[in-house]
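# Residue-level structure breakdown
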Amino acid sequence: MTKTKIGVIGTGSISDVYLSSPQKFLNYEIAGVADINVERAQEQAEKHQIPFSGSVSELLEKEDIELVVNLTIPAAHKEVSIKALQAGKHVYSEKPLATTCNDGLLVMEEARRLGLHVGTAPDTFLGAGLQTCRALLDQGVIGEPVGASAFMLGRGPESWHPNPEFFYKQGAGPLFDLGPYYLTALISLLGPVSQVASMNRVTVPEREITSEPFAGTKIKVEVPTYVSSLLQFSTGISASFITSFDVWDTKLPKIEIYGTKGTLLVPDPNEFNGPVYFMNNETTGWQEADLVSSYTDNCRGIGLADMLRGIKEGRPYLCSGDLGLHVLEVMEAILESSDKKRFLELETNCRRPERLTGFQYQD
Ligand SMILES: NC(=O)c1ccc[n+]([C@@H]2O[C@H](COP(=O)([O-])OP(=O)(O)OC[C@H]3O[C@@H](n4cnc5c(N)ncnc54)[C@H](O)[C@@H]3O)[C@@H](O)[C@H]2O)c1
């Protein structure tokens, strides 16, 4: 199989998993890495035996690189993605696609103008857990969906992330940072969203980093940290969705889907694994479902591998830029709805991604 040569821009915390992903997915190899911190790029290149490291512009000059994976911080996503497109590369961006819907649209328009492709993370909905949920829904195991609830409740990343400031700036916060996993999962299970409403607030305006190396540094919180929302899907069903960095602990599920015949308990959409539980009018209590695939470990890169396969075969890929843009508009509208104190209708739409099929993977 010919491997597509890709370049990675942004060699921070999440880069290790991407830089080791070609061991699992056979249709690409990493030809180079870049970062504004060139030393960090060099360290990662040495660690993962990648032949090239350097500045962003040096990487973009490399003609053999066909696609750039954008692993920079959210505030840099638009600029880096557009630079890569203008250098003639397809882009696969970590979430969110950009920090505003308008910027996300600019990225997508530039790709269309140049005849290039944009794909977006998260790809966790292609993992064994969420694909099993999708299969159960398609089989009608809980009947027709009537509603859903989703909860991303935690204490924020300042106790574990080495450089957590960006989590409290525009383009992050509990909704923009972890919301993409939940919203992408919900859209894959229930289809696109048509309108939203919400109530939000900043609970603690200044937070202290407790992880090293910045322990003791204060962060000015610029985004709501308790976001309580209602989503209506194009099919007419609704979901309650809360994201927060203000919650010490919870026993609530991550996601539940309610159907005319039963209930589906969806695993953490930030993970690839199960377990998946369901109950219906024919079961005695809850049953654990058999998982439909072996993609249970941290398979980040599966969406990229599917995108490259899609480009090659001339068919839609599952982690599409349109899906990322729709998720971005949903999140932006959630925040705006609270400010405007009214329901907001969405303007973007996307295909409900198909189920993942026929994939080559090294266990
Ligand atoms: N850390 C995680 O667990 C995790 C998980 C999934 C997704 N993500 C997403 O991945 C992205 C990166 O997250 P991270 O945790 O690795 O962040 P990080 O801060 O650890 O790393 C970001 C890297 O991007 C570089 N960078 C910033 N601006 C740049 C620019 N303009 N040009 C080139 N390089 C630039 C920084 O120097 C840094 O090395 C974010 O979008 C985040 O939402 C992170």
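It should be emphasised that the depicted structure is a prediction, and the values quoted were computed from it without experimental measurement. (Residues numbered from 1 in each chain as written. Predicted model: local features only at pLDDT ≥ 70, side-chain atom pairs only at ≥ 80, totals over all residues. Heavy atoms only, no water.)

### A short note on the overall build of the protein chain
- Along its length, the protein chain carries nine helices and 17 strands.
- In terms of C-alpha radius of gyration, the protein chain reaches 20 Å, essentially the compact-globule figure of 21 Å for 363 residues.
- In terms of overall dimensions, the protein chain has C-alpha extents of about 60 × 50 × 40 Å along its principal axes.
- Relative to its 363 residues, the protein chain shows a buried fraction of 58%.
- A separation threshold of at least 6 residues defines the contact pool for the protein chain, and within that pool the share at least 24 residues apart is 71%.
- Carbon and sulfur atoms make up 48% of the accessible area of the protein chain, which totals about 15,900 Å².
- Both charge centroids of the protein chain, one from 32 positive and one from 46 negative side chains, sit 2 Å from each other. (Helix = DSSP H or I, 4+ residues; strand = E, 2+ residues; numbered from the N terminus. Rg over C-alpha atoms; globule rule 2.2 N^0.38 Å. Buried < 20%, exposed > 50% of the residue type's maximum accessible area, 1.4 Å probe, protein only. Contact = heavy atoms within 4.5 Å. Areas by Shrake-Rupley, 256 points an atom, 1.4 Å probe, with all protein chains shown as cover. Lys, Arg positive; Asp, Glu negative; His and termini not counted. Charge placed at Lys NZ, Arg CZ, Asp CG, Glu CD.)

### Re unusual backbone geometry
- The omega torsion of the bond from Lys95 to Pro96 falls at -10 degrees, within 30 degrees of zero and hence cis.
- Mapped onto the fold, Pro96 is located in the loop between strand S5 (90–93) and helix H5 (101–114).
- Cis geometry marks the peptide bond from Glu212 to Pro213, where omega comes out at 10 degrees.
- Mapped onto the elements of the fold, Pro213 is located in the loop between strand S9 (206–208) and strand S10 (218–220).
- Phi at Lys341 takes a positive value of approximately 55 degrees, unusual for a residue other than glycine.
- Counting through the fold element by element, Lys341 comes out in the loop between helix H9 (321–340) and strand S17 (344–345).

### Some thoughts on the site of the ligand
- The local shell around the ligand holds 24 residues, among which Ser13, Ile14, Asp35, Arg40 and Lys95 are the closest.
- Contacts to the ligand include Ser13, whose backbone N or O atom sits 2.9 Å from an oxygen atom.
- Ile36 is positioned such that a nitrogen or oxygen atom in its backbone is 3.2 Å from a nitrogen atom of the ligand.
- If the ligand stood free it would expose 830 Å²; the protein chains cover 88% of that surface.
- Contributing elements (two or more residues each) for the shell around the ligand: helix H4 (74–86) and helix H7 (173–190).
- Tallying contributions element by element places H4 first for the shell around the ligand, with four residues.
- Class assignment for the residues of the shell around the ligand results in 11 nonpolar, seven polar and six charged. (Near = heavy atom within 4 Å. Polar contact = N/O pair within 3.5 Å; in protein donor to acceptor, adjacent residues only side chain to side chain. Nonpolar A, V, L, I, M, F, W, Y, C, P; charged D, E, K, R; others polar.)

### Section: the packing of helix H6 (residues 128–138) against H7
- Where H6 contacts H7, the two axes come as close as 9 Å, and the packing angle between them is 25 degrees. Judged on the interaxial angle alone, H7 and H6 are roughly parallel. In the packing of H6 onto H7, the handedness of the crossing is right-handed. Residues Leu130, Cys133, Arg134 and Leu137 of H6 pack against Ala185, Ser188 and Leu189 of H7.
- Grouping the amino acids of the contact of H6 with H7 by side-chain chemistry returns five nonpolar, one polar and one charged. (Axes fitted to C-alpha atoms, helices over the stretch in contact; angles between N-to-C directions. Parallel < 35°, antiparallel > 145°, perpendicular 65-115°, else oblique. Left-handed = near helix turned anticlockwise from the far one by under 90°.)

### Observations regarding the domain arrangement of the protein chain
- Per the domain assignment, the segments making up the protein chain are domain 1 (4–120) and domain 2 (125–294 + 327–345).
- If you average the C-alpha positions of domain 1 and of domain 2, the two centres end up 26 Å apart.
- For the pair domain 1 and domain 2, the summed buried surface comes to about 980 Å²; carbon and sulfur atoms form 65% of the total.
- Its largest share of buried area at the contact with domain 2, domain 1 owes to Lys95, Thr99 and Cys101, together 49% of the area lost on that side.
- Where domain 1 meets domain 2, there are one salt bridge.
- We note a salt bridge from Lys95 to Asp177, for which the minimum N-O separation is 2.8 Å.
- On inspection of domain 1 and its partner domain 2, the count reaches three residue pairs in polar contact (both at pLDDT 80 or more).
- Within the side of domain 1 that touches domain 2, the residues separate by chemical class into six nonpolar, four polar and one charged. (Domains from an automatic or database assignment. Buried area = accessible area lost by both parts, 1.4 Å probe. Salt bridge = Lys/Arg side-chain N within 4 Å of Asp/Glu carboxyl O.)

### Topic: the UniProt feature "domain: Gfo/Idh/MocA-like oxidoreductase N-terminal" (unreviewed entry) in the protein chain
- Within this structure's numbering, the places UniProt gives as "domain: Gfo/Idh/MocA-like oxidoreductase N-terminal" (unreviewed entry) are residues 5–118.
- With 41% helix and 20% strand, residues 5–118 has its two end C-alpha atoms placed 16 Å apart. (UniProt positions renumbered as here; feature names shortened; annotations may be inferred.)

### What about the sheet that holds strand S6 (residues 118–120)?
- The strand order across the open sheet built from six strands is S3-S2-S1-S4-S5-S6, with neighbouring strands paired in parallel fashion. At either end of the open sheet lies a strand with only one pairing partner, and these are strand S3 (53–54) and S6.
- The pairing of S5 with S6 spans three bridges and is classified as parallel. Bridging from a neighbouring strand, Ser93 pairs with Thr120 of S6. (Pairing = 2+ DSSP bridges.)

### Here's the deal with the sheet that holds S17
- Across the sheet, which stays open at both edges, the nine strands sit in the order S16-S15-S14-S13-S7-S12-S11-S8-S17 with mixed pairing between neighbours. Each edge of the open sheet carries a strand with a single partner, namely strand S16 (287–288) and S17.
- Both strand S13 (residues 255–259) and strand S14 (residues 262–266) contribute to a ladder of four bridges, which runs antiparallel. Among the inter-strand pairings, Ile255 is bridged to a residue of S14, identified as Val266.
- H7 rests against strand S7 (145–153), strand S8 (193–201), strand S11 (226–233), strand S12 (238–244), S13 and S14 of the sheet, and its axis sits at about 160 degrees to S7.
- In this fold H9 packs onto S8, S11, S12 and S17, with an angle of close to 50 degrees to the strand it touches most, S8.

### Quick look at the UniProt feature "domain: GFO/IDH/MocA-like oxidoreductase" (unreviewed entry) in the protein chain
- Annotation from UniProt places "domain: GFO/IDH/MocA-like oxidoreductase" (unreviewed entry) at residues 131–264.
- What you have in residues 131–264 is 19% helix and 35% strand, and the ends, taken at the C-alpha atoms, are 13 Å apart.

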